Amino acid sequence: MSLPSSLRIDAARAVVSLSPTDAAFVQHPYPAYQAIRDACPLFFWEEYGCWCAVSHQAVFDLFRDRRFGREVLHVASRAELGWPEPQAHLAPFDAVDAHSMLEREPPVHTRLRTLVNRAFVTRQVERLRPRIAALANQLIDGFKGQGRVDLIEAFATPIPVILIAELLGVPVEMAPQLLDWSHRMVAMYQFNRTRSMEDQAVAAAEDFSAFLRGYVVRRRAEPRDDLISHLIAVEAEGDRLSEEELISTCILLLNAGHEATVHAIGNGVKSILQAGLDREAVLAGGEGLVEEMLRFDPPLHMFKRYALENVTLGPATFRKGDEIGLLLGAANHDPARFEEPERFLTTRQRPPHVSFGGGIHFCVGAPLARLELEVAVPILFERLPGLRLEGMPVYADTYHFHGLKALELSW
């Protein structure tokens, strides 16, 4: 694979110029990651205006380094950091983020995570195995006779969104609307967002919050065996989730639980087919298959954190409030940690990939995502012998997310 034409590396200064919208990088980022890692494992990415970690060891360590966190305003004021006031037009979106455990640090994060974990435990993720299998088979029944399908639209998207809707206890008929809200909100984290995208995300945040607020009222009056009811009732050391925290948690669970899993399935099936694994190898793959799908072509390639104090790491000097990007896709292809990282090997004896993050922000939905892959993907290959790619799949220009526009398959 050739390197992106926009890539420029100044190894002496550990500075890299690389457009995240460069077509070659969007379609296959791993050669660029390798070139950067070979020159400077910690580098300043000019287009993002921040330092980034590209090696597995650095990413792994930074996830656990308490000198960095997802928020910084709990240890410094905007004036101290030299930050402008929040943009007024983003207030409804920011209000959702403000109560999300993904964006908080201890002690607030500890309280939210404890409460949400308790609600998830009551759901017992493993008991969803039969439902995932039934849903996968039902979807395949709907397109098997056609001989060809876009797997993203017909399989990879419905499975996680239907499951999370059923978990939350909202009508499955709401799935298209939930998807629309999710897509518009998640677009806020792309590199090339515009004012139009911001306005759409704000509208989605307002509509999503209003819908959930009404649903919470109904569940308070008539609790059921669903996640919203459990989140309303859960308590730890006298603490409960506020209504704002409850709504933000539900939005986080849908957005994170849907967007990433769709592309974990799509990217994973593409990787399996391009690696030439036969049907028997997929059916026997088990945990090794799932973990290699997650490592080889993960759906999230960057996770940002703030310096909570002045820190020096190698060539980088951080002042409190400076950001650092942790490049998950690059870390997962580091030859210092994974032998032959560019090969898709379900039998590899490997250290852990970082696709679910790490430390206190390790993905709360990881067990569910793993179960969806473990159950749904083998069923796909079992039901459709001779499954093959039709043409070259194309990734969407949405860095730091990494997912296919479509995955055309035939059998």
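In this text, all values refer to a predicted model and were calculated from it rather than measured experimentally.

(A) Highlighting empty space enclosed by the protein. For the structure on display, the rule yields two cavities of 30 Å³ or more. Grouping the constituent residues of the lining of the largest cavity by class yields six nonpolar, two polar and no charged. A volume near 30 Å³ is recorded for the second largest cavity. Contributing to the lining of the second largest cavity are Pro-160, Leu-163, Ile-164, Gly-257, Leu-368 and Glu-372. Elements supplying a minimum of two residues to the lining of the second largest cavity: helix 9 (158-168) and helix 17 (366-383). Here the lining of the second largest cavity takes three residues from helix 9, the largest share from any one element. Within the lining of the second largest cavity, the residues separate by chemical class into four nonpolar, one polar and one charged.

(B) Structural context of the packing of helix 11 (residues 195-221) against helix 13 (residues 243-275). Where helix 11 meets helix 13, the closest approach of the two axes is 10 Å, and the angle between their N-to-C directions is 115°. For helix 11 against helix 13, the interelement crossing comes out right-handed. Where helix 11 approaches helix 13, its residues Phe-208, Ser-209, Leu-212, Arg-213, Val-216 and Arg-220 are matched on the opposing element by Glu-243, Leu-246, Ile-247, Cys-250, Ile-251, Leu-254 and Asn-255. By residue class, the composition of the contact of helix 11 with helix 13 is eight nonpolar, two polar and three charged.

(C) How the structure looks around the sheet that holds strand 3 (residues 42-45). With mixed pairing, the seven strands of this open sheet are ordered in space as 1-2-3-4-10-7-5. Each having just a single partner strand, strand 1 (8-10) and strand 5 (68-69) make up the two edges of the open sheet. Judged from the three bridges that link them, strand 1 and strand 2 (residues 15-17) form a sheet pairing that is antiparallel. Bridge pairing in strand 2 places Arg-8 opposite Ser-17. Lying over the sheet, helix 2 (residues 30-39) contacts strand 1, strand 2, strand 3 and strand 10 (323-327), oriented at roughly 10° with respect to strand 1. Contacts between helix 3 (residues 56-63) and the sheet are confined to strand 4 (50-53), strand 5, strand 7 (302-307) and strand 10, with strand 10 contributing the most and set at about 125° to the helix.

(D) Geometry of the pairing of strand 10. Within strand 10, four of the five residues are buried, leaving the element largely enclosed by the surrounding structure. Relative to strand 10, strand 7 is paired through five bridges, and the arrangement is antiparallel. Following the sheet pairing, Met-302 is matched in strand 10 by Leu-327.

(E) Structural detail: the pattern of salt bridges. On inspection of all chains with the given rule, the structure shows 25 salt bridges. Across the pair Arg-127 and Asp-225 runs a salt bridge whose closest N-O atoms are separated by 3.3 Å. One end of the pair, Arg-127, is in the loop between helix 6 (108-123) and helix 7 (129-143); the other, Asp-225, is in the loop between helix 11 and helix 12 (227-233), and 98 residues separate them in sequence. Among the salt bridges present, the one from Glu-292 reaches Arg-348, with a minimum N-O distance of 3.1 Å. Of this pair, Glu-292 sits in helix 15 (residues 286-296) while Arg-348 sits in the loop between helix 16 (328-331) and helix 17, and the two are 56 residues apart along the sequence. Given the relative accessible area of 0%, Glu-292 is considered buried. Linked through salt bridges whose partners overlap, the residues forming this network are Glu-126, Arg-129 and Glu-374.

Conventions and cut-offs
Residues numbered from 1 in each chain as written. Predicted model: local features only at pLDDT ≥ 70, side-chain atom pairs only at ≥ 80, totals over all residues. Heavy atoms only, no water. 1 Å grid on protein atoms, 1.4 Å probe; cavity = no way out; pocket = protein on both sides within 12 Å on 5 of 7 lines; lining within 4 Å. Points joined across faces, edges and corners; volume = space filled by probe spheres on them. Nonpolar A, V, L, I, M, F, W, Y, C, P; charged D, E, K, R; others polar. Helix = DSSP H or I, 4+ residues; strand = E, 2+ residues; numbered from the N terminus. Axes fitted to C-alpha atoms, helices over the stretch in contact; angles between N-to-C directions. Left-handed = near helix turned anticlockwise from the far one by under 90°. Contact = heavy atoms within 4.5 Å. Pairing = 2+ DSSP bridges. Buried < 20%, exposed > 50% of the residue type's maximum accessible area, 1.4 Å probe, protein only. Salt bridge = Lys/Arg side-chain N within 4 Å of Asp/Glu carboxyl O.

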